[in-house]
Amino acid sequence: MSTRAAILWGIGEKWSVEDVELAEPGFGQVRVKVHATGLCHSDDHAVTGDMPTPLPLVGGHEGAGVVEAVGPGVTRVAPGDHVVLIFQPPCGYCRNCARGRSNLCLNASLQDYGASKPFKARGQEVAATGDLGTFADVTVVSERCVVKMGKDIPFNVASLLGCAVTTGWGAAVYLAEVEPGDNVVVIGSGGVGINSVQGAKNAGANLIVAVDTVELKRQKALEFGATHAVASVEEAKELLAENTDGRMADAAILSVGVGDASKLGQIVDLTGPAGTTVVTSVSPFASTTVDLNLALFTLSQKTLRGNVYGGVQVHRDIPLLLDLYRQGHLKLNELITRTYTLDQINEGYADMHAGKNIRGVIEF
Ligand SMILES: [Zn+2]
Ligand SMILES: [Zn+2]
């Protein structure tokens, strides 16, 4: 069938919205009418070339929609089901899935990220970000890439569970392992970081210090549960020292748009003894040198962790997060600053770069 999608043809180019051919769902695949997709910074890493991805590429890895058709062998969902789309789909039986690390499923390797090619445009095959390609009216994905949800959940908020909410929430709850009374600092309070703020709040944190250079994001962080919001890492360091008798933060979560390895030491310095630093930000792949006082790191028994999907187990956590949303414990509507049409995608990313959005969402 024919549909419309936003394609990236080359590094540094704009998204091109055009007609594409979409394959029929094959064995184990489903066709999904996409209703909403978030404008995540990760897709922009493909544009800048910070993150190597196959090109040309239909972007988008944060979406929700309705199953339209299913291929042979599909058993988990049926046409008409409302679903959240997920990248890194767990197989359920590999070593990592079996030990509760399904976000690191060995059969959904990020090495093959975007390897499936359901789209065709200008006579050539086009890859799909995260094997999803949600910057399209309609897409074809593995049935493992969908999690069924209740029909009471609006698509625009559901789409954010595909990346921003899970990645940010999990950074605080599962990776930093925030406990009641912990002091937490979140550096970068955009669409992902602000969910670390509300994750820390739900986990019972004492101080939650949000750091962002953008006034709107500091304001929003306070609405989402931050106890303090400051504009720089230096201010956060002073504030933590004063308010913790020098014990500093139990957890620091780095979620700025693009990570900078040369500044990692300053982030780790915000934590005290046995503190954990979670690096959510994706840094340029070419950047490999970290500036960190390793002796102090060792002698204060600190922890440094990466972040894939917030360490969440999607089949447990997406229903859990939706329940928290229904009860009013999780703010999702408030994450969406502005909605766009697919044709306005480049405007949406320009707004993201200008710091205007907590999250921009494309609605179809
Ligand atoms: Zn994302
Ligand atoms: Zn697995």
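Residues numbered from 1 in each chain as written. Chains lettered and ligands numbered in written order. Predicted model: local features only at pLDDT ≥ 70, side-chain atom pairs only at ≥ 80, totals over all residues. Heavy atoms only, no water.

- In the nomenclature of an unreviewed UniProt entry, the chain corresponds to Alcohol dehydrogenase from the organism Streptomyces shenzhenensis.
- According to UniProt, the comment filed for the chain under the heading Sequence similarities (unreviewed entry) is "Belongs to the zinc-containing alcohol dehydrogenase family."
- One UniProt comment on the chain, placed under Cofactor (unreviewed entry), says "Zn(2+)". (UniProt positions renumbered as here; feature names shortened; annotations may be inferred.)

Observations regarding the packing of aromatic side chains
And then number 1: Applying the stated criterion to the full structure yields three aromatic pairs.
And then number 2: Ring geometry for Phe87 and Tyr309: centres 4.2 Å apart, planes at 10°, overall stacked. Highlighted residues: Phe87 in the loop between β6 (82-85) and α2 (95-98) and Tyr309 in the loop between β16 (303-305) and α10 (314-326), separated in sequence by 222 residues.
And then number 3: Residue classification places Phe87 among the buried residues on the basis of a relative accessible area of 8%.
And then number 4: Plain terms: the ring middles of Phe135 and Tyr349 are 6.4 Å apart, the flat faces sit at 65° to each other, and that makes the pair edge-to-face. (Phe/Tyr/Trp six-rings, centres within 6.5 Å; stacked < 30°, edge-to-face > 60°. Helix = DSSP H or I, 4+ residues; strand = E, 2+ residues; numbered from the N terminus. Buried < 20%, exposed > 50% of the residue type's maximum accessible area, 1.4 Å probe, protein only.)

A word on the environment of Arg31
And then number 1: Tracing the backbone through its elements, the reader meets Arg31 in strand β3 (residues 29-38).
And then number 2: In this structure, the C-alpha to C-alpha distance between Arg31 and Ala226, residues 195 residues apart in sequence, is 40 Å.
And then number 3: Arg31 has contacts with Met1, Leu22, Glu24, Pro25, Val66, Val67, Glu68, Ala69, Val138, Thr139 and Val140, leaving out every residue within four places of it along the chain.
And then number 4: Within the structure, the side chain of Arg31 is placed 3.4 Å from the side chain of Glu24, a separation counted as a polar contact. (Contact = heavy atoms within 4.5 Å. Polar contact = N/O pair within 3.5 Å; in protein donor to acceptor, adjacent residues only side chain to side chain.)

Observations concerning the coordination of the zinc ion (ligand 2)
And then number 1: Only Cys91 (SG), Cys94 (SG), Cys97 (SG) and Cys105 (SG) from the protein coordinate the zinc ion (ligand 2), and they sit 2.3 to 2.4 Å from it.
And then number 2: When the donors of the zinc ion (ligand 2) are listed by position in the chain, the intervening gaps give C-x2-C-x2-C-x7-C. Assigned by exposure class, Cys94 and Cys97 land together as buried. (Donors = N, O, S within 2.8 Å, 3.2 Å for Na, K, Ca; no water.)

Some remarks on the pairing of strand β17 (residues 336-340)
And then number 1: Note that β17 and strand β18 (residues 359-363) share four bridges and pair parallel. Opposite Thr339, over in β18, you have Val361 as the bridge partner.
And then number 2: As for the winding sense of the linkage, the β-α-β connection from β17 through helix α11 (residues 345-353) to β18 is right-handed. (Pairing = 2+ DSSP bridges. Right-handed = clockwise from strand over helix to strand, strands pointing away.)

Focus on the coordination of the zinc ion (ligand 1)
And then number 1: Taken together, the protein donors to the zinc ion (ligand 1) comprise Cys40 (SG), His61 (NE2) and Cys163 (SG), at separations of 2.0 to 2.2 Å.
And then number 2: Summarised as a motif, the one-chain spacing of the donors to the zinc ion (ligand 1) is C-x20-H-x101-C. Residue Cys40 is located in the loop between β3 and α1 (41-48), and its partner Cys163 is located in the loop between α3 (155-159) and α4 (164-175); the two are separated by 123 residues in the primary sequence.
And then number 3: Residue Cys163 is classed as buried on the basis of its relative accessible area, which comes to 5%.

Quick notes on the domain arrangement of the chain
And then number 1: Under the domain assignment, the chain is made up of domain 1 (2-162 + 332-363) and domain 2 (168-307).
And then number 2: Between the C-alpha centres of domain 1 and domain 2 there is a distance of 28 Å.
And then number 3: Each partner contributes to the roughly 1,200 Å² buried at the junction of domain 1 and domain 2, and carbon and sulfur atoms together form 69% of this total.
And then number 4: Taken as a group, Asp50, Leu335 and Ile358 account for 42% of the area that domain 1 buries against domain 2, more than any other trio of residues on that side.
And then number 5: Counting the contacts that link domain 1 with domain 2 gives zero salt bridges.
And then number 6: Linking domain 1 to domain 2 there are three residue pairs in polar contact (both at pLDDT 80 or more).
And then number 7: For the side of domain 1 that touches domain 2, the per-class residue count stands at four nonpolar, four polar and four charged. (Domains from an automatic or database assignment. Buried area = accessible area lost by both parts, 1.4 Å probe. Salt bridge = Lys/Arg side-chain N within 4 Å of Asp/Glu carboxyl O. Nonpolar A, V, L, I, M, F, W, Y, C, P; charged D, E, K, R; others polar.)

What about the sheet that holds strand β7 (residues 119-121)?
And then number 1: Around the barrel, five strands lie side by side as β1-β2-β7-β8-β4; this closed barrel has mixed pairing.
And then number 2: Relative to strand β2 (residues 16-22), strand β1 (residues 2-8) runs antiparallel, the two being bridged by six bridges. Bridge pairing links Arg4 to Asp19 in β2.

Some words on unusual backbone geometry
And then number 1: Residue Pro56 is bonded to the preceding Leu55 through a cis peptide linkage, with omega at -5°.
And then number 2: Of note, the phi angle at Arg122 is positive, near 50°, even though the residue is not glycine.
And then number 3: Residue classification places Arg122 among the exposed residues on the basis of a relative accessible area of 57%.
And then number 4: Positioned with a positive phi, Tyr309 is a non-glycine residue whose angle comes to about 60°.

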